[in-house]
Amino acid sequence: MKKALRITRYLLLSLVGLLFALWLLLQTPGFQNWLVQTASHRLSRSLGTKVQVKRAYLGFLNRLNIEGVLVQDQQRDTMISIGRLQVNTTDWLLFKDTVVIKYLALKDVRVRLYRNDTTWNYAFLDKLFGGKTDTTNAPAQGSDTAGGAPPLALRLEILQIDNLRFIQADRWRGKSMLAGVGHLYLKARQFDVNKQQFHIQTLELQQPEFRELRRKGNWSPADSIAYYRKIDSLDKLRTFPESWNPGGMKLVVDQVKLDGGIVEIYNRLDRPFVRGEFDEKDIIIQPINGSFRNLVLDHDTLTSDVAISARERSGLNIKKLQSRFRMHPQLMEFSRLDLQLNESRLGPYYAMRYRTFDDMEYFVDSVRISARLENSTVSMKDIAFFAPELKSIKQVATLSGSAEGTVSNFTVRNVDLRTGNSRLTGTYSMKGLIDIDKTVIDFNTPGSRLALPDVAVWAPQLLQLKNTPVSKLGIVTYTGNFKGTVYDFAARGNLQTDVGYLGADLKMRLSGKNQGFEGTVTNAHIDGGRLLDV
């Protein structure tokens, strides 16, 4: 019996010694690198391409360092590369139900996806991750995983990324996308992947970028037609309003800091860039600096307190954009707005409504704007970035009122506009603003003052009246209605001038054939001597 116990003791000690020796062996860099190289070699043979890891280190089962990760596609082009990966986790993570990643760091990360035809360069990964899942022995819905064990929970405390670039080059369709960040630092209060609950204390982004470029693709006209027919058929299946967050993820970010951001969207194939003109299909905004505080994603609604500055390639300078921001699939809203541009300052409310965000590509006619201005400064130089036809108008106004409609067809109520010696009050609508010569204006006023020099910047032909008796009218106070274009209009109402008053029903044409005016005058009291200077 004693001999049996002695043998058992020796066997147990030998087993413990063997396990300890194996553990010590696992701690040696040489053995760890051998294991990684062996796994990389086998994976390379399985995928038929190159998979490489230069070195790896696993420390005490809770620290992992990997350097020089390379995955090529089957054309021997680099698809994924990682300069360095560092992970610090919960102590003895193998014996925990919850893995807490205390620190995750990535450096020099490149992901490059592309296709020249209908097949992407990552399609070969289906051999490893694809295939049909065998569900014959799958656990019933709502049950624990195999063996009754609860699912492994994953949480994160700190994430740091330096020099990340993601490229998706679709040469078949002629559309490429690039996203990246120079430096990212994230510190989480709660980061529960299983429960889809995330509370981020701080998120810092240095030199974040997003670029979308379109060029002529390799596909044929027949390919293009078939593709968009498929898109149209899928669009018919879309239900509105759409959902951004069907899984019900909950996200709170106390503070996001942006430094040197870039957004570029280039979708034109033929029109060259024109400085001084904003082109919604050719946008470059840089640098973007600022912060987002109290950012919350609740169901499909994103809210945040925003304070940013930026500059668009056209020359439009967003000196300050401070607002309470709200966005969901059909709305982008800025309340408590303080927007300072090159020469304008606007606020306190602006919102854009649309059926889908795709409508932004057809902004002028498809996006409905709601705005409320209170003593805002509006410079026509800033408006001209969006309506180049107005470049020649050098006018600054103070404006209050509520606007509703699209850029091409809108109405402003409770207008109070002051510029120079003129002041307009009332309600007006403008249809076709993108072509000022053809813009139809419908204006009703309870009493507005008009000075000839202020109006003449919109219709220079009026300056021809400067040396006529009309110039003796001085500042004209008008009550009534104006309808038409600046060159062809009708006005009905009452005029009060420096030489008297009258009621009038007037039609005037200042250009084209049949130039001139006609009208009916009632209840007139005019100082003829003063008007005619006799």
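The structure displayed is predicted, hence computed values, not measured ones.

Asks: Please clarify how the overall build of the protein chain should be interpreted in this entry.
Replies: Looking only at helices and strands, one finds eight helices and 25 strands in the protein chain. Buried positions account for 36% of the 534 residues belonging to the protein chain. Pairs at least 24 residues apart make up 51% of the contacts formed inside the protein chain by residues separated by at least 6 positions. Surface accessibility of the protein chain: about 31900 Å² in total, with carbon and sulfur atoms responsible for 57%.

Asks: Help me out: how do you make sense of the pattern of salt bridges in this one?
Replies: Note on pairing: side chains with opposite charge can pair once their charged atoms come close. Scanning all chains against the criterion turns up 20 salt bridges. One salt bridge connects Glu264 with Arg211, and the closest N-O pair in it is separated by 2.7 Å. A residue pair is termed long-range when its members are at least 10 positions apart, and Glu264 in strand β10 (residues 250-266) and Arg211 in strand β9 (residues 209-214) qualify at 53 residues. Overall, Arg211 belongs to the partly exposed group, its relative accessible area being 24%.

Asks: What should I look at first to understand the side chain of Thr485 in this one?
Replies: If you trace the backbone, Thr485 turns up in the loop between β22 (476-484) and β23 (488-497). You can call Thr485 buried: its relative accessible area is 14%. Among all residues touching Thr485, those that are not within four sequence positions of it are Asp437, Lys438 and Thr439.

Asks: Help me understand the packing of aromatic side chains, please; the structure alone is not making it clear to me.
Replies: Centre distance and the angle of the planes are the two values used to describe a pair of aromatic rings. All chains considered together, the criterion is met by seven aromatic pairs. Where Trp172 meets Trp219, the ring centres are 5.2 Å apart and the plane angle is 65°; that geometry is what we call edge-to-face. Of the two residues, Trp172 is situated in the loop between β6 (158-170) and β7 (175-192) and Trp219 in the loop between β9 and α4 (221-237); the sequence distance between them amounts to 47 residues. The exposure class assigned to Trp172 is buried, which follows from its relative accessible area of 12%. A residue is classified by how much of its surface remains accessible, and Trp219, at 15% relative accessible area, is buried. The aromatic ring of Tyr114 is capped on one face by Arg171, whose charged end is 5.1 Å from the ring centroid.

Asks: Would you mind going over the nonpolar core with me for this structure?
Replies: Buried together is how nonpolar side chains tend to be arranged in soluble globular proteins. In this structure, Leu85, Leu104, Leu159, Leu184, Leu186, Leu203 and Leu205 are the most contacted members of the largest nonpolar core, which totals 28 residues. In contact with Leu184, not counting residues within four places along its chain, are Leu159, Gln160, Ile161, Leu203, Glu204 and Leu205. Within the second largest apolar cluster, 20 residues are counted, among which are Ala397, Leu399, Phe410 and Val486.

Asks: Help me out: how do you make sense of the environment of His299 in this one?
Replies: Tracing the sequence through the fold places His299 in the loop between β11 (282-298) and β12 (301-311). Among the residues examined, His299 registers a relative accessible area of 58% and is labelled exposed. As for His299 and Ser243, which are separated by 56 residues in sequence, their C-alpha atoms are 8.5 Å apart. Here the side chain of His299 touches Asp298 through a polar contact of 2.8 Å, side chain to side chain.

Asks: Mind showing me how you'd approach the pairing of strand β19 (residues 409-419) here?
Replies: The sheet contact formed by strand β18 (residues 396-406) and β19 spans eight bridges and is antiparallel. Pairing of Ala403 across the sheet is with Val412, part of β19. Between the end of β18 and the start of β19, which pair antiparallel, lie two residues. The pairing of β19 with strand β20 (residues 422-431) spans nine bridges and is antiparallel. The residue bridging Val415 from the neighbouring strand is Gly426, located in β20. Between the antiparallel neighbours β19 and β20 lie two residues, among them Gly420 with a positive phi of about 60°.

Asks: It is not clear to me how unusual backbone geometry should be interpreted in this structure. Could you clarify?
Replies: Trans is the common state for peptide bonds, and a negative phi is the common state for residues other than glycine. Residue Pro287 follows Gln286 across a cis peptide bond; omega there is -10°. Of note, Pro287 is situated in strand β11. Cis rather than trans, the peptide bond between Gly347 and Pro348 has omega equal to 15°. Looking at the element boundaries, Pro348 is found in strand β16 (residues 348-353). One non-glycine residue, Asn294, lies in the positive phi region at around 55°. As for its placement among the helices and strands, Asn294 is situated in strand β11.

Thresholds, definitions, all that
Residues numbered from 1 in each chain as written. Predicted model: local features only at pLDDT ≥ 70, side-chain atom pairs only at ≥ 80, totals over all residues. Heavy atoms only, no water. Helix = DSSP H or I, 4+ residues; strand = E, 2+ residues; numbered from the N terminus. Buried < 20%, exposed > 50% of the residue type's maximum accessible area, 1.4 Å probe, protein only. Contact = heavy atoms within 4.5 Å. Areas by Shrake-Rupley, 256 points an atom, 1.4 Å probe, with all protein chains shown as cover. Salt bridge = Lys/Arg side-chain N within 4 Å of Asp/Glu carboxyl O. Phe/Tyr/Trp six-rings, centres within 6.5 Å; stacked < 30°, edge-to-face > 60°. Lys NZ or Arg CZ within 6 Å of the ring centre and 35° of its normal. Core = buried A, V, L, I, M, F, W, Y, C linked by side-chain atoms within 4.5 Å. Polar contact = N/O pair within 3.5 Å; in protein donor to acceptor, adjacent residues only side chain to side chain. Pairing = 2+ DSSP bridges.

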